[in-house]
Amino acid sequence: MDKFIQFLEDYLGTIECGWTNDDRGERLPVQIAKYSKGPYSGTKTFSTLGLNKVSLTSYVSGKQIWQELIFVSYSNIGNLNIPALLAQVSQMALDSRKAFLRGDVIGPNGPIFDDSNLEALYVTIPGYFPDSFDAFKVDDKKTIIMAWLIPITSKEAEFIRQNGWEEFEDKLEELDPDLIDIKRESII
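All of these numbers come straight from a predicted model, not from anything done at the bench.

Participant: Would you mind showing me how to read the pairing of strand β9 (residues 143-153) here?
Facilitator: When a strand is regular, its side chains alternate between the sheet's two faces. The buried fraction of β9 amounts to 9 of the 11 residues, a majority that puts the element mostly inside the structure. Where strand β5 (residues 64-74) lies against β9, 5 bridges are found, and the strand directions are parallel. Of the residues in β9, the one forming a bridge with Leu69 is Ala147. Of the strand pairs in this sheet, strand β7 (residues 118-124) and β9 are connected by 6 bridges, and their pairing is antiparallel. If you follow Tyr122 over to β9, its bridge partner there is Ile150. Judged from the 3 bridges that link them, strand β8 (residues 135-137) and β9 form a sheet pairing that is antiparallel. Paired with Lys137 across the two strands is Thr143, which belongs to β9. Connecting the antiparallel pair β8 and β9 is a turn made up of 5 residues.

Structure below.
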């Protein structure tokens, strides 16, 4: 078995299902996998698979970055549009050839989920997982970085743009909202 897949399954449980095509049968830019576990009981994790095959560039340092994206949800909400969301964000990275960095905000572009006020995605380290899940070393030249996409409100997105991601993460630590809850209220 591929060592990277084994790494993912060690933390996220076995792959339950995956997507290579969208609802119209068109090929997705990368595979999307759904795993049997999340960081807590009653949660599931989704990830991209294959985004790391393309070297992306840090718009800050100019360094090459290989990454995969993860998304965590409660098990009882099903798949919603999470696979399509991960595919869309992956396509953005592939089109720009730019990596998503900690503190990046994608959107807002309107509600991500029905009956939710979450309209943007915040990129950060996978903080609900052990630190050893942050990166997978392939060899001396390549390390795959795991980037966690957290749905946020437009107010939170604006706060990050005005005050910086460090201040936002300080607020997250202070207030400890449930970042997996797609119906959570804004902390701003």
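Participant: Help me understand helix α2 (residues 82-96) in this model?
Facilitator: Residues that lie three or four places apart on an α-helix share one face, since the helix turns once every 3.6 residues. Spanning 15 residues, α2 covers 21 Å between terminal C-alpha atoms, matching the ideal 21 Å at 1.5 Å per step. Taken as a whole, α2 has its buried residues at Ile82, Pro83, Leu85, Leu86, Ala87, Val89, Ser90, Ala93 and Leu94. Among the residues trailing α2, Arg97 stands out with phi positive, at a value near 60°.

Participant: Would you mind going over the packing of aromatic side chains with me for this structure?
Facilitator: Aromatic ring pairs are defined here through the distance separating the ring centres and the angle between the ring planes. Inspection of the entire model under this criterion finds 12 aromatic pairs. Ring plane angle 20° and centroid distance 5.9 Å describe the contact between Phe4 and Phe7, whose orientation is recorded as stacked. Remark: Phe7 and Phe4 occur in helix α1 (residues 3-12); sequence separation between them is 3 residues, near one turn of the helix. Of the two residues examined, Phe4 and Phe7, each falls in the buried class. On the numbers, 6.1 Å between centres and 65° between planes, the contact of Phe71 with Phe113 is edge-to-face. Note that Phe71 is positioned in strand β5 and Phe113 in the loop between β6 (105-106) and β7, a separation of 42 residues in sequence. One aromatic cluster is present, built from ring pairs that chain together Phe4, Phe7, Tyr11, Phe129, Phe133 and Phe136.

About the criteria used
Residues numbered from 1 in each chain as written. Predicted model: local features only at pLDDT ≥ 70, side-chain atom pairs only at ≥ 80, totals over all residues. Heavy atoms only, no water. Buried < 20%, exposed > 50% of the residue type's maximum accessible area, 1.4 Å probe, protein only. Helix = DSSP H or I, 4+ residues; strand = E, 2+ residues; numbered from the N terminus. Pairing = 2+ DSSP bridges. Expected span 1.5 Å × (residues − 1). Phe/Tyr/Trp six-rings, centres within 6.5 Å; stacked < 30°, edge-to-face > 60°.

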